[in-house]
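# Observations on the model geometry
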Amino acid sequence: MFRLRRPRPSLRLTFSVVSAVTAVLVAAGVGVLSHGLAARLTWDRADDDFHGAVEAVAVFTADHGGLTPESLADPDEDAGLDESLYDSRTLVVQVLGPDGGIADEGHPLVLPVAGPDRAMADEEEPGRTASGETRIDGERVRVTAVSLGGGRGAVQVAQRLGEVETLLSGLRSRIVLVGAGVAAVAGVCGWFVAGRVTRRLTDLARVTRLVAVTGHLDLPVPSAGRDEVGQLGAAFETMLNRLARAREDQRRLAQEAGHELRTPLTSLRTNIALLHRFEELPPRSRTQVLEDLTSESRELIQLVNELVRLSTDSRQPEGREPVALAELAERVARRFRVRAARDISVRADGSSVSGQPQALERALANLVENAAKFDPGGHPVDIRVAQGRVEVRDRGPGLPDVPEDRLFDRFYRAPEARSMPGSGLGLAIVAHIVHAHGGSVFARNRAGAGAVTGFVLPLLPEGGRASGDGAVDAAGRAPGGDGNPGYGNPG
């Protein structure tokens, strides 16, 4: 059974809708507050006008006894009522006779006469009031009757509320229209702003899909701008560059490893072919074949181990910590004194660096192993440490006449060293580890005979000395004597 996937809204549409909804909410809030305030002020003003008119009529009737409906209704008589009561657009004045009948009709409305109004017309005391509310032609009207006193009649004062209601209704309509316009403008602006933002995200997604489909890591990545999208593009470009370098390194490693593995494998294949005629071979040839098989298999295992180390060094989970180079050198020397049956001397200051202890130990061990391997005469190997500079000195045949950086290439072996055991990966591993720690490697011939190989690492900011560390010699004691330990001396 197929299930239809509901299409996901685009980021651009979502941004536009969010902008519009936000604008609607803000406009609605402002509109409600504005309308409420305007309505309150308008109704307060209408109430003040109406109550003021009623009070004026009540005071006038109370102050002028003997008023009659005829005197108020006669336009030739100066009754003394405020003319503004008659000229107002919202106020209506109507005079009632003693029986509650209309003595002078209101203008422009004729007001209905209710029971409270007739009661006020028959009231003995002047200035008494009775209020009520009615509707005339669908318009809401509030009416207050003011007694003339002595049962002579009353004056009806009315206020038409339709104009106020129309005004507030128009204000509501305008607020709604303004809110809708604000929402539309916010939505359009959000659409264009989101388009500018998502255009680069869309380009970035397109590049990502191309990388996933084609596997090409050299595609141009949109990384313009200093905002978050630009930073994302720059980070993605950096990631692609690192992936491209990693892929190139893997390709080179595979090619070089294949080239190096071919030699011992060819030799093994040849010797295995000889095993088919093993019974026909003379004893000396048999011994030679077995020795070759043992040597080549050992060489092959060593090569595979070093390849594994080289390929996994960059993914080691080991964290960084302060490393005292003197202690590091002493550990390596102690191990190789047993392994190589060679005198390994150490002379070091209190240099301390930040790094991965096991990786740095492996780098120094490779240098010492090289020095011992290429010096069959059994001369001592010296390790010198001063200010973050680590040197391994031997008295072997020295280095070939090739550029220094060539010595640290993977699988490189000088022609005169190809007959000796080794894979050509030792110095490459050293360079890989040291460069990962922000350092540099070096190699040169030593005056007289032998070679000096090593590396330089940046010291810790605290001055490069670990607490309690001092210079040590091969026995773990502080060196003394001539005071010239030969730090940095190629001789």
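For the structure, see preceding data.
These numbers come from a predicted model, not from an experiment.

## A short note on the pattern of salt bridges
Overall, the coordinates contain 16 salt bridges when judged by the stated rule. Arg-140 is the partner of Glu-165 in a salt bridge, and the nearest nitrogen-oxygen pair spans 3.1 Å. One end of the pair, Glu-165, is in helix 5 (residues 162-214); the other, Arg-140, is in strand 4 (residues 139-147), with 25 residues separating them in the sequence. The exposure class of Arg-140 is buried, given its relative accessible area of 19%. The residue Arg-334 makes a salt bridge to Glu-330 at a minimum N-O spacing of 3.7 Å. Within this pair, Arg-334 and its partner Glu-330 are both found in helix 8 (residues 325-339), separated by 4 residues, close to a single helical turn. Linked through salt bridges whose partners overlap, the residues forming this network are Arg-389, Glu-391, Arg-393 and Arg-444.

## Points about helix 5
Over its 53 residues, helix 5 runs 74 Å from end to end, which matches the ideal 78 Å to within 8%, given 1.5 Å per residue. Its maximal kink placed at Val-197, helix 5 deviates by approximately 30 degrees. Of the residues one or two after helix 5, Gly-215 is the one with positive phi, at around 80 degrees.

## What about the sheet that holds strand 1 (residues 91-96)?
Taken in spatial order, the 5 strands of this open sheet run 2-1-5-4-3, and their pairing is antiparallel. With one partner strand each, in any of the chains shown, strand 2 (102-104) and strand 3 (129-136) form the two edges of the open sheet. Adjacent strand axes in the sheet meet at a mean angle of 35 degrees when their direction is disregarded. Sheet topology places strand 1 next to strand 5 (residues 154-160); 6 bridges connect them, and they run antiparallel. Note on strand 5: the bridge partner recorded for Val-92 is Ala-158.

## Some thoughts on the packing of aromatic side chains
In this structure the tally under the stated criterion is 0 aromatic pairs. The ring centre of Phe-442 lies 4.0 Å from the NZ or CZ of Arg-389, which sits over that ring.

## Observations concerning helix 9 (residues 357-373)
In this model helix 9 runs 24 Å from its N-terminal to its C-terminal C-alpha over 17 residues, within 8% of the 24 Å that 1.5 Å per residue would give. For helix 9, the tally of buried residues reaches 14 of 17 residues, placing the bulk of the element in the interior.

## Let's talk about the packing of helix 8 against helix 9
Two measures define how a pair of helices packs: the angle their axes make with one another and the distance between the axes. At their nearest, the axes of helix 8 and helix 9 sit 10 Å apart, and the two run at 50 degrees to each other. On the basis of their axis angle, the class for helix 8 and helix 9 is oblique. Taken as a pair, helix 8 and helix 9 cross one another with a handedness that is right-handed. Contact residues: Leu-328, Ala-329, Arg-331, Val-332, Arg-335 and Phe-336 in helix 8; Pro-357, Leu-360, Glu-361, Leu-364, Ala-365, Val-368 and Glu-369 in helix 9. For the contact of helix 8 with helix 9, the residue count by class is 9 nonpolar, no polar and 4 charged.

## Thoughts on the packing of helix 9 against helix 10 (residues 426-436)
In the contact formed by helix 9 and helix 10, the axes pass within 9 Å of each other and the chain directions differ by 150 degrees. Put simply, helix 9 runs roughly antiparallel to helix 10. Here helix 9 and helix 10 pass one another in a crossing that is left-handed. Mapping the contact onto sequence places Ala-359, Leu-360, Arg-362, Ala-363, Asn-366, Leu-367 and Asn-370 in helix 9 and Gly-426, Leu-427, Ile-429, Val-430 and Ile-433 in helix 10.

So, how was this worked out
- In this convention, every chain numbers its residues from 1, walking through the sequence in written order.
- Thresholds applied to this predicted model are a pLDDT of at least 70 for local features of residues and 80 or more for the giving and counting of side-chain atom pairs; totals over whole chains, interfaces and linings are not thresholded and use all residues.
- Only hydrogens and water are set aside; all other atoms, that is, all heavy atoms of the structure, feed into the side-chain values.
- Any Lys or Arg side-chain nitrogen located within 4 Å of an Asp or Glu carboxyl oxygen qualifies as a salt bridge.
- Put simply, DSSP marks the helices as runs of H or I at least four residues long and the strands as runs of E at least two long, and each gets a number from the N terminus on.
- For the exposure calls, accessible area comes from a 1.4 Å probe over protein chains only, and a residue counts as buried if that area is under 20% of its type's maximum, exposed if over 50%, partly exposed in between.
- Here a helix's expected span is defined as the number of its residues, less one, multiplied by 1.5 Å.
- At every residue, the bend is computed as the angle between two fitted axes, covering the seven residues ending there and the seven beginning there respectively.
- We call two strands paired when DSSP finds no fewer than two bridges between them.
- A fitted line through C-alpha atoms serves as each axis, taken over the contacting stretch for helices, and the angle formed by two N-to-C directions is quoted from 0 to 180°.
- Here is the rule: rings of Phe, Tyr and Trp (six-membered ring for Trp) pair when centre to centre is within 6.5 Å. Planes less than 30 degrees apart are stacked, more than 60 are edge-to-face, and the remainder are tilted.
- Here, a charge over a ring is recorded when the distance from Lys NZ or Arg CZ to the ring centre is within 6 Å and its angle to the ring normal is within 35 degrees.
- Each angle is binned into one of four classes, with values under 35 degrees roughly parallel, values over 145 roughly antiparallel, values of 65 to 115 roughly perpendicular, and all other values oblique.
- The handedness criterion is simple: a crossing whose near helix is rotated anticlockwise from the far helix by less than a right angle is left-handed, and one whose near helix is rotated clockwise is right-handed.
- Whether two residues touch is decided by their heavy atoms; if any such pair falls within 4.5 Å, the residues are in contact.
- Ten residues, namely Ala, Val, Leu, Ile, Met, Phe, Trp, Tyr, Cys and Pro, are considered nonpolar, four, namely Asp, Glu, Lys and Arg, are considered charged, and the remaining ones, Gly among them, are considered polar.

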